[in-house]
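Now for the letters of each chain:
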Amino acid sequence: MKTGIDAIAFDVAKLHLPIKTLALARNIEPEKLEKGLGLLKMTLPDAHQDTVVFGANALTKLIQDNNLKLDEVARIYVGTESAIDSSKPISSFLIALMEQKFGENSLSECDVVDFTFACIGGVDAMQNCLDFVQLNPTKKAIVVTTDFAKYDLNSTGEYTQGAGAVAMLITSNPKIVTFENHWGVSTKGVFDFFKPYRTISKQEITGNTNNESWFDNLESEIEIHKDQPVFDGQYSNQCYMDRTREAYFSFKKIKNTQETVYSTWTSIVMHLPYAFQGRRMLSEIYALDASTPVLNGEENASEYQNKLKEISKSDNYKTFVSEKLQPAELASSLIGNLYTGSIFMGLLSTLAHFYDTKKEIASEKFGFLAYGSGSKSKVFEGTIQPEWKSAIANVSLFETLEKSFEIDFETYEKLHKKEQKQSIQEPKNEWVLDRIETEIPNLIGARYYNWID
Ligand SMILES: CC(C)(COP(=O)([O-])OP(=O)([O-])OC[C@H]1O[C@@H](n2cnc3c(N)ncnc32)[C@H](O)[C@@H]1OP(=O)([O-])[O-])[C@@H](O)C(=O)NCCC(=O)NCCSC(=O)C[C@@](C)(O)CC(=O)[O-]
């Protein structure tokens, strides 16, 4: 029995800063970001938005566009690394919001949970749901990925920011893509990118040495949560390359094949922290799994790197990139990093591109190379289904991204620093964060949301 993605919906932040504006403000050559990394715009949340809002908007669209009956949905599993609470998962908020809109107790028997492993949590959630549907073919599951990729101002991550969510219906005999049960995995515990609990000594804030209570904080250290990660960009690239290479060859071993695996894939969909990450990182796998070996294993470290550079500039590799990778990059250039949603947005971008260019891809195989910092990669493959076109006909990906609202640099910095309290765009047909409780003691921090028609 086949299992896979039956329907997709998305909600990407509707505000963007052109990359050129950021580059000029930061004294970076715009060509480096546009032509070197493939960036054109970066999206960011409006004042009324957070990751619950994006997830709830994508989920609401998925339910409405596909006339889903909520009592048929057995589970909603969320992939995120932008949780807003250390105990209450985003999926618990989503249940409450969907019941607010579609009726009390309509999801009371639905199993929900969040999966967190940096950018790969959405793939983990999906793999789990595929197994569930395999065991329970009449049941439906939903995977929601939702994140806000926020980096410190002036950091090398700043130009890779983005925000939004993707929601997918996982069923038996799906309309869009089925996945084979072959999963190449590579894992290693490293610190390439992470979001630790940070502390500031109370003494540094108050100037007092006697640990006096400060806003009810009795501890001598004040804990700080930041959305922005601690990271080492070039090291994270190396971890990305190492894990995906290992997972790729693990996948090849599981498939028990001698052939060049990537040649069997019409498109390759990778985790894209920025549009050109895939093409910059894949040249090694391209060389190592080539039918005529390009690397002989005798090279020293610098010869190896030089050969990879040479390969990545070759005409053959450029053709390979434009055929197999470029369709997935198109949306990424206009959005930025979606963390858990990036790989699924890459799939949607590829499908939307082939839909718009009228290329028939039914029965074609796609390769998927997922990565999450910390670090883990999963490599798997899927087959596009005969009804893929009708299933994405109303998704309107590029038309929606086209309507994104451009903001200026000053507004961007105000939003980033949370100084902008008023919404830039009036909300319409979407969820908004209405308020956060500050008075009632046993509800401090509770977040309340409303649907705006
Ligand atoms: C991604 C990095 C490291 C990039 O770091 P960087 O230092 O900004 O850029 P670079 O020097 O690595 O590359 C610049 C490219 O632009 C080219 N260039 C230069 N000038 C020009 C010009 N004038 N015209 C045309 N091209 C130009 C230059 O030649 C080079 O291309 P290449 O060497 O590949 O050919 C940085 O943005 C960063 O630190 N980002 C945050 C971390 C990150 O995204 N890491 C990616 C891997 S880890 C990951 O994917 C997981 C993640 C981040 O999503 C988190 C998670 O799992 O949750």
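What counts, and at which threshold
- Residues numbered from 1 in each chain as written.
- Predicted model: local features only at pLDDT ≥ 70, side-chain atom pairs only at ≥ 80, totals over all residues.
- Heavy atoms only, no water.
- Salt bridge = Lys/Arg side-chain N within 4 Å of Asp/Glu carboxyl O.
- Helix = DSSP H or I, 4+ residues; strand = E, 2+ residues; numbered from the N terminus.
- UniProt positions renumbered as here; feature names shortened; annotations may be inferred.
- Patch = residues over 30% accessible without salt bridge, like charges linked within 9 Å, V, L, I, M, F, W, Y side chains within 5 Å.
- Areas by Shrake-Rupley, 256 points an atom, 1.4 Å probe, with all protein chains shown as cover.
- Lys, Arg positive; Asp, Glu negative; His and termini not counted.
- Charge placed at Lys NZ, Arg CZ, Asp CG, Glu CD.
- Buried < 20%, exposed > 50% of the residue type's maximum accessible area, 1.4 Å probe, protein only.
- Contact = heavy atoms within 4.5 Å.
- Polar contact = N/O pair within 3.5 Å; in protein donor to acceptor, adjacent residues only side chain to side chain.
- Axes fitted to C-alpha atoms, helices over the stretch in contact; angles between N-to-C directions.
- Parallel < 35°, antiparallel > 145°, perpendicular 65-115°, else oblique.
- Left-handed = near helix turned anticlockwise from the far one by under 90°.
- Nonpolar A, V, L, I, M, F, W, Y, C, P; charged D, E, K, R; others polar.
- Phe/Tyr/Trp six-rings, centres within 6.5 Å; stacked < 30°, edge-to-face > 60°.

**With respect to the pattern of salt bridges**
A complete count under the given rule lists 21 salt bridges for this structure. Note that Arg-245 and Glu-246 form a salt bridge whose closest N and O atoms lie 3.7 Å from each other. Here Lys-389 and Glu-360 are joined by a salt bridge, their closest N and O atoms 3.0 Å apart. Highlighted residues: Lys-389 in helix H13 (residues 388-392) and Glu-360 in the loop between helix H12 (342-356) and strand E15 (365-372), separated in sequence by 29 residues.

**With respect to the UniProt feature "domain: Hydroxymethylglutaryl-coenzyme A synthase N-terminal" (unreviewed entry) in the protein**
The sites that carry the UniProt feature "domain: Hydroxymethylglutaryl-coenzyme A synthase N-terminal" (unreviewed entry) are, in the present numbering, residues 23-173. As annotated, residues 23-173 has a helix share of 35% and a strand share of 25%, and its two end C-alpha atoms lie 46 Å apart.

**Quick notes on a positive patch on the surface**
On the surface, Lys-32, Arg-280, Lys-309, Lys-313 and Lys-318 cluster together into a patch of positive charge. Relative to the helices and strands, Lys-318 is located in helix H11 (residues 315-335). Given the relative accessible area of 48%, Lys-318 is considered partly exposed.

**A look at the environment of His-48**
As for its position among the elements, His-48 is in the loop between strand E3 (41-44) and helix H3 (51-65). For the pair His-48 and Thr-206, spaced 158 residues apart in sequence, the C-alpha separation works out to 32 Å. Those residues within four positions of His-48 in sequence are excluded, and the remaining contacts are Val-53, Ser-423, Gln-425, Pro-427, Glu-430, Trp-431, Val-432 and Leu-433. In this structure the side chain of His-48 is engaged in a polar contact, spanning 2.7 Å, whose partner is the side chain of Ser-423.

**Thoughts on the packing of H3 against helix H4 (residues 90-102)**
Packing of H3 against H4 leaves a shortest axis separation of 10 Å and a crossing angle of 50°. Considered as vectors, H3 and H4 are oriented oblique to each other. Crossing of H3 over H4 shows right-handed handedness. Judged by residue contacts, Thr-51, Val-52, Gly-55, Ala-56, Leu-59, Thr-60, Ile-63 and Gln-64 of H3 engage Ile-90, Phe-93, Leu-94, Leu-97, Met-98, Lys-101 and Phe-102 from H4. Here the contact of H3 with H4 is composed, by residue class, of 10 nonpolar, 4 polar and 1 charged.

**What to know about the UniProt feature "domain: Hydroxymethylglutaryl-coenzyme A synthase C-terminal" (unreviewed entry) in the protein**
Taking the numbering used here, the UniProt-annotated feature "domain: Hydroxymethylglutaryl-coenzyme A synthase C-terminal" (unreviewed entry) corresponds to residues 225-419. What you have in residues 225-419 is 52% helix and 13% strand, and the ends, taken at the C-alpha atoms, are 17 Å apart.

**A closer look at the environment of Ile-254**
Along the chain, the position of Ile-254 falls in helix H7 (residues 233-255). In this structure, the C-alpha to C-alpha distance between Ile-254 and Leu-308, residues 54 residues apart in sequence, is 26 Å. In contact with Ile-254, not counting residues within four places along its chain, are His-182, Trp-183 and Gly-184.

**So, the packing of aromatic side chains**
Describing an aromatic ring pair means giving the distance of the ring centres and the angle of the ring planes. Inspection of every chain in the model, using the stated rule, returns 23 aromatic pairs. A ring pair is formed by Phe-409 and Tyr-412, whose centres lie 5.7 Å apart and whose planes are at 50°; its orientation type is tilted. Placement of the pair is Phe-409 and Tyr-412 together in helix H15 (residues 409-416), with a separation of 3 residues, close to one helical turn. Across the pair, Tyr-412 and Phe-409 agree in class, each one buried. A connected cluster of aromatic rings, assembled from ring pairs, spans Tyr-151, Phe-193, Phe-231 and Tyr-339.

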